[in-house]
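Geometric and topological summary
The primary structure of each chain is shown beneath.
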There are 2 protein chains.
Amino acid sequence: MKQQIRLLGIDDSPFRFTDKYGMVIGVVMRGGSYLECVLRRNIVIDGTDATSVCKDMILNSRYKKQLKAVLLDGIALGGFNVIDINELYNDTSLPVLTITRDKPDFEKIKMALKKKFKDWDNRWAIISKGELNIVETSNNPIYVKCIGVSFEEAKEIIKLSTIRGVIPEPIRVAHLIASGVTRGESYGKA
Amino acid sequence: MKQQIRLLGIDDSPFRFTDKYGMVIGVVMRGGSYLECVLRRNIVIDGTDATSVCKDMILNSRYKKQLKAVLLDGIALGGFNVIDINELYNDTSLPVLTITRDKPDFEKIKMALKKKFKDWDNRWAIISKGELNIVETSNNPIYVKCIGVSFEEAKEIIKLSTIRGVIPEPIRVAHLIASGVTRGESYGKA
């Protein structure tokens, strides 16, 4: 795999529970080092538009044709606004990787969905899609779902785009931008 | 000079002439490659708060003590909201470099200030501070003012923080963030 492939990393801004909308930031990077483009959309907190917002961001970008994969910080944006990674893959033809540092506690998530949403079973069905893989790192393991690439290829994409710590640069940089723009100064994720 | 020195790059967002406020983005990078922090402030379009906004951004950042220099995209933010680089240097103790790709047309600037502002002579006095140096590159030359470092040191800072094109990464990345967040997709500056 080429080291300089273009990857899109997506992350959301921090929000208060009184906020109706949050910010979603996408960054296009070559491999793990060179920032080429910054994208922004709004999203409904705890809404149901995460998949369409991500699709819109990708399909309308002038980098669409050059992208090789999409990297997501987990399976949801703006609270429990869950991303259907199968639909995202099918409609963009781009492999999708979700990356999480903490092992998801699925029972706890299911309970929270049940308590909060009438349509909890839809959200739960979307979250449950795909197999959760463990990727060992020199630090703690990370948890990865992938669609459109093999697990081996997913590990290679993660490796070539990670500089320090365990989080690929496109996700780390998207996080710094989303939190810095919202709060005035970003807080770390490494 | 160490290659991994921390630099703060500052740029403003694009704006429409009906906007009252614009966004100012600061990025802390190690040398020319590793993004560590994103900062954001608002600024009055054509106002007089650019110097205090930059000072506030720097003095309140948790990276303040580690910064070695501030890189500005020209001498103004948000239209003609001019930055007093002497004051910025004196109050932050950080060297300041302004970098411009196009040779400033000072007569044209003076005319525009006279036409637009009652306090044009204050703004003009601030813009006129410091000597404009030419830095030759493999492409077109760039125009640089510096305070707190020698011109030789300023050239070294520019060289170590430029990856592609002629603009140092902290300014290029601040520009991509400011324009991407404001417009939805950034446009280039390389």
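Look a little higher up for the structure.
Figured I'd write up the structure that's included with this text.

What counts as what
Residues numbered from 1 in each chain as written. Chains lettered and ligands numbered in written order. Predicted model: local features only at pLDDT ≥ 70, side-chain atom pairs only at ≥ 80, totals over all residues. Heavy atoms only, no water. Helix = DSSP H or I, 4+ residues; strand = E, 2+ residues; numbered from the N terminus. Rg over C-alpha atoms; globule rule 2.2 N^0.38 Å. Buried < 20%, exposed > 50% of the residue type's maximum accessible area, 1.4 Å probe, protein only. Contact = heavy atoms within 4.5 Å. Lys, Arg positive; Asp, Glu negative; His and termini not counted. Charge placed at Lys NZ, Arg CZ, Asp CG, Glu CD. Pairing = 2+ DSSP bridges. Least-squares fit on C-alpha atoms with pLDDT ≥ 70 in both. 1 Å grid on protein atoms, 1.4 Å probe; cavity = no way out; pocket = protein on both sides within 12 Å on 5 of 7 lines; lining within 4 Å. Points joined across faces, edges and corners; volume = space filled by probe spheres on them. Nonpolar A, V, L, I, M, F, W, Y, C, P; charged D, E, K, R; others polar. Buried area = accessible area lost by both parts, 1.4 Å probe. Salt bridge = Lys/Arg side-chain N within 4 Å of Asp/Glu carboxyl O. Polar contact = N/O pair within 3.5 Å; in protein donor to acceptor, adjacent residues only side chain to side chain. Expected span 1.5 Å × (residues − 1). Axes fitted to C-alpha atoms, helices over the stretch in contact; angles between N-to-C directions. Phe/Tyr/Trp six-rings, centres within 6.5 Å; stacked < 30°, edge-to-face > 60°. Lys NZ or Arg CZ within 6 Å of the ring centre and 35° of its normal.

**A word on the overall build of chain A**
Each helix and strand counted, chain A has six helices and nine strands in total. Its C-alpha radius of gyration of 15 Å places chain A within 12% of the 16 Å reference for a compact globule of 190 residues. Dimensions along the principal axes, computed over C-alpha positions, put chain A at roughly 45 × 35 × 35 Å. Burial analysis of chain A (190 residues in total) assigns 54% to the buried set. Counting only contacts in chain A whose residues sit at least 6 apart along the sequence, the fraction spanning at least 24 positions is 63%. Of note, chain A has its 29 positive side-chain charges centred 3 Å away from the centre of its 23 negative side-chain charges.

**Structural notes on the pairing of strand β3 (residues 34–44) of chain A**
Residue and element names in this part refer to chain A. Of all 11 residues in β3, eight are buried, a share of seventy percent or more. Of the strand pairs in this sheet, strand β2 (residues 21–30) and β3 are connected by 10 bridges, and their pairing is antiparallel. Following the sheet pairing, Val24 is matched in β3 by Arg41. Hairpin geometry of β2 and β3 is characterised by an intervening segment of three residues between the two adjacent antiparallel strands and by a positive phi of about 55° at Gly31.

**A few points about the relation of the copies chain B and chain A**
In the superposition of chain B on chain A (RMSD 0.0 Å, axial shift 0.0 Å), the rotation amounts to 180°. The transformation relating the two chain copies, once decomposed into turn and shift, fits a two-fold axis. Of the C-alpha atoms belonging to chain B, the one lying closest to the rotation axis is found on Ser33(B), 3.2 Å away. Here 100% of the contact residues of chain B are again contact residues in chain A; the copies associate through an equivalent surface.

**Focus: empty space enclosed by the protein**
Any empty space left between the atoms is revealed when a probe the size of a water molecule rolls over them. In total, this model carries one cavity of 30 Å³ or more according to the counting rule given. In this structure, the largest cavity encloses a volume near 70 Å³. As for the largest cavity, its lining consists of Met29(A), Gly32(A), Ser33(A), Leu35(A), Glu169(A), Arg172(A), Val173(A), Met29(B), Ser33(B), Leu35(B) and Val173(B). If you tally residues by element for the lining of the largest cavity, the top one is helix α6 (residues 169–183) of chain A, at three residues. Here the residues of the lining of the largest cavity sort into six nonpolar, three polar and two charged.

**Notes on the interface of chain B and chain A**
Taken together, the contact between chain B and chain A spans 32 residues of the former and 32 residues of the latter. For the pair chain B and chain A, the two sides together bury roughly 2,400 Å², of which 47% comes from carbon and sulfur. By the criterion of area lost to chain A, the three top residues of chain B are Tyr34(B), Arg164(B) and Glu185(B), representing 27% of everything that side buries. Linking chain B with chain A are two salt bridges. In this structure, Arg62(B) engages Glu185(A) in a salt bridge whose closest nitrogen and oxygen atoms are separated by 3.2 Å. Connecting chain B to chain A are 18 residue pairs in polar contact (both at pLDDT 80 or more).

**Structural notes on α6(A)**
All names here are of chain A. The end-to-end C-alpha distance of α6, which contains 15 residues, comes to 21 Å, matching closely the 21 Å that a straight helix rising 1.5 Å per residue would cover. With 13 of its 15 residues buried, α6 lies for the most part within the structure. In the segment just after α6, Gly184 is the residue with positive phi, at about 100°.

**Digging into the sheet that holds strand β1 (residues 6–12) of chain B**
Residues and elements named next belong to chain B. If you trace the seven strands from one edge of the open sheet to the other, you get β3-β2-β1-β4-β7-β9-β8, paired in mixed fashion. Two strands close off the open sheet at either side, each with one partner strand: β3 (34–44) and β8 (133–135). Strand-to-strand, the axes of this sheet are offset by a mean angle of 25°, without reference to chain direction. Judged from the four bridges that link them, strand β4 (residues 67–73) and strand β7 (residues 96–100) form a sheet pairing that is parallel. For Asp73, the partnering residue across the bridge sits in β7 and is Ile99.

**Remarks on the packing of aromatic side chains**
Residue and element names in this part refer to chain A. Within this structure, the stated rule accounts for six aromatic pairs over all chains. Residues Phe106 and Trp124 carry aromatic rings whose centres are separated by 6.2 Å and whose planes lie at 75° to one another, so their mutual orientation is edge-to-face. Taken together, the residues span a long stretch of sequence, with Phe106 in helix α3 (residues 106–116) and Trp124 in helix α4 (residues 120–128) at a distance of 18 residues. Sitting over the face of the ring of Phe117, Arg123 holds its NZ or CZ atom 3.7 Å from the ring centroid.

So, to be careful, I would describe these as geometric facts and stop short of saying anything about function.
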